[in-house]
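# Structural features, examined
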Amino acid sequence: MIDMHIHTKNSDGIYNVAEILEMAEQKKLDYISFTDHDRVSAYEELKGIAKKAIFSGKIIPGCELRFVYDKTQFEVLCYGYDYDKFSKSYYVSVDAYINIKKGILKNCLEKGKLLGFVYNKIEFHPETKPEKDFYMEIIKHEENLPILQKYDIKHSGEFFRKLIANKQSPMFFDATDYSLSFDDAVDFVHECGGIAVLAHPFGVYQIEDPKKLLSELLAKNKLDGLECCHADITTEQSEYLLDLCKKHNLVSTGGSDFHGYPGQSFAKWNKGSKDIETKLIDKFLEKIDKSKIID
């Protein structure tokens, strides 16, 4: 079994690297990847850990890199890159990470007020999610509940997806000035010798037609693969994605997108109901630079 999509405390996960390694060993996983949002510091943390004493499987360097397409935020999973080159880029720097967080908070404060949300002063905290900080503040005020009910928002994740990341929302955050374009993001991964895989094509992005998005991005002939198994991907959707991989000669990967939040299942897909089998990445393992794999 594998899990090629895991978040740690280095971005917005709950667990540190050593704790994830322990969990991976308990499940006897063959391969894992730490794919923090726009950050690769988990691999700096890994250098100070006796990895083989904790986890007997292999680690493939990864990162979930944000990009913008048609003003909407999406993500590409980057694997097997040259770490020195990749890690020194501004795109995965602390400055870039903080800059977009500040942009999101500014957006929440300005557009949230226009939407009618009542809130007290909210300080910027670089170690937390600004949209979650904003959400946790507005739910303290009873007068905000009708607005949240109108948009059927029950937790901070839905607040982000339905209001911040949804292009049709009055609180939509246009990340164009904060993120790479699709072409630039994939080119950057390739320049660093890595493999570019579109993350969770179904279930996460607030778009009306995911298949249309896939068609447009695949027409560019830049992607190396698709994430075909994910917590929010159904069996039917997975089969569709696997067919696309065959049609376009792409690699397939899969991961739980584990953060450690309540209700999430480590190394599982389809709402935590299925294991992610190692054979899913057979073609991926043929393509990747073996020297980049951490034993």
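Look a little higher up for the structure.
Residues numbered from 1 in each chain as written. Predicted model: local features only at pLDDT ≥ 70, side-chain atom pairs only at ≥ 80, totals over all residues. Heavy atoms only, no water.

## Here's the deal with the overall build of the chain
- For the chain, the helix and strand inventory stands at twelve helices and eleven strands.
- The C-alpha atoms of the chain give 19 Å as radius of gyration, which agrees with the globular expectation for 295 residues (19 Å, within 12%).
- Taking the intrachain contacts of the chain between residues at least 6 apart in sequence as the baseline, contacts between residues at least 24 apart amount to 73%.
- As displayed, the chain has an accessible area near 13,700 Å², and 49% of this comes from carbon and sulfur atoms.
- Across the chain, the 40 positively charged side chains and the 48 negatively charged ones have centroids separated by 1 Å. (Helix = DSSP H or I, 4+ residues; strand = E, 2+ residues; numbered from the N terminus. Rg over C-alpha atoms; globule rule 2.2 N^0.38 Å. Contact = heavy atoms within 4.5 Å. Areas by Shrake-Rupley, 256 points an atom, 1.4 Å probe, with all protein chains shown as cover. Lys, Arg positive; Asp, Glu negative; His and termini not counted. Charge placed at Lys NZ, Arg CZ, Asp CG, Glu CD.)

## Here's the deal with unusual backbone geometry
- Here histidine 200, not a glycine, exhibits a phi torsion of approximately 25°, which is positive.
- Looking at the secondary structure, you find histidine 200 in the loop between strand E7 (195–198) and helix H10 (210–218).

## Digging into the state of the cysteines
- Inspection of the entire model under this criterion finds zero disulfides.
- Cysteine 78 supplies the cysteine sulfur nearest to cysteine 63, a cysteine that is in no disulfide, at a spacing of 5.1 Å.
- Given a relative accessible area of 0%, cysteine 63 falls into the buried group.
- Free cysteine cysteine 245: the closest other cysteine sulfur is in cysteine 228, separated by 3.7 Å. (Disulfide = S-S within 2.5 Å. Buried < 20%, exposed > 50% of the residue type's maximum accessible area, 1.4 Å probe, protein only.)

## Structural notes on the packing of helix H5 (residues 94–115) against helix H8 (residues 156–164)
- Contact geometry for H5 and H8: axes closest at 13 Å, N-to-C directions at 75°. By the angle between their axes, H5 is roughly perpendicular relative to H8. Taken together, the residues of H8 that come into contact with H5 (itself represented by Ile104, Asn107, Cys108 and Leu115) are Phe159, Leu163 and Ile164.
- Class assignment of the residues belonging to the contact of H5 with H8 gives a composition of six nonpolar, one polar and no charged. (Axes fitted to C-alpha atoms, helices over the stretch in contact; angles between N-to-C directions. Parallel < 35°, antiparallel > 145°, perpendicular 65-115°, else oblique. Nonpolar A, V, L, I, M, F, W, Y, C, P; charged D, E, K, R; others polar.)

## Focus on the sheet that holds strand E4 (residues 62–69)
- Taken in spatial order, the six strands line up as E6-E4-E5-E7-E8-E9 in an open sheet, and their pairing is mixed. The two strands at the open ends of the sheet, each matched to only one other strand, are strand E6 (180–181) and strand E9 (251–254).
- Direction of pairing for strand E8 (residues 225–229) relative to E9: parallel, over a ladder of four bridges. Along E9, the bridge assignment pairs cysteine 229 with glycine 254.
- Docked against the sheet, H10 engages E4, strand E5 (72–79), E7 and E8, running at close to 100° with respect to E4. (Pairing = 2+ DSSP bridges.)

## Side note on the pattern of salt bridges
- Enumeration over the complete set of coordinates arrives at 21 salt bridges.
- The closest approach of N and O atoms between lysine 121 and glutamate 123, which form a salt bridge, is 3.4 Å.
- When the shortest N-O distance is used, the salt bridge between aspartate 232 and lysine 271 registers 3.0 Å. Taken together, the residues span a long stretch of sequence, with aspartate 232 in the loop between E8 and helix H11 (235–248) and lysine 271 in the loop between strand E10 (268–269) and strand E11 (274–275) at a distance of 39 residues.
- A single salt-bridge network, built from bridges that share partners, covers Asp152, Lys154, Glu158 and Lys162. (Salt bridge = Lys/Arg side-chain N within 4 Å of Asp/Glu carboxyl O.)

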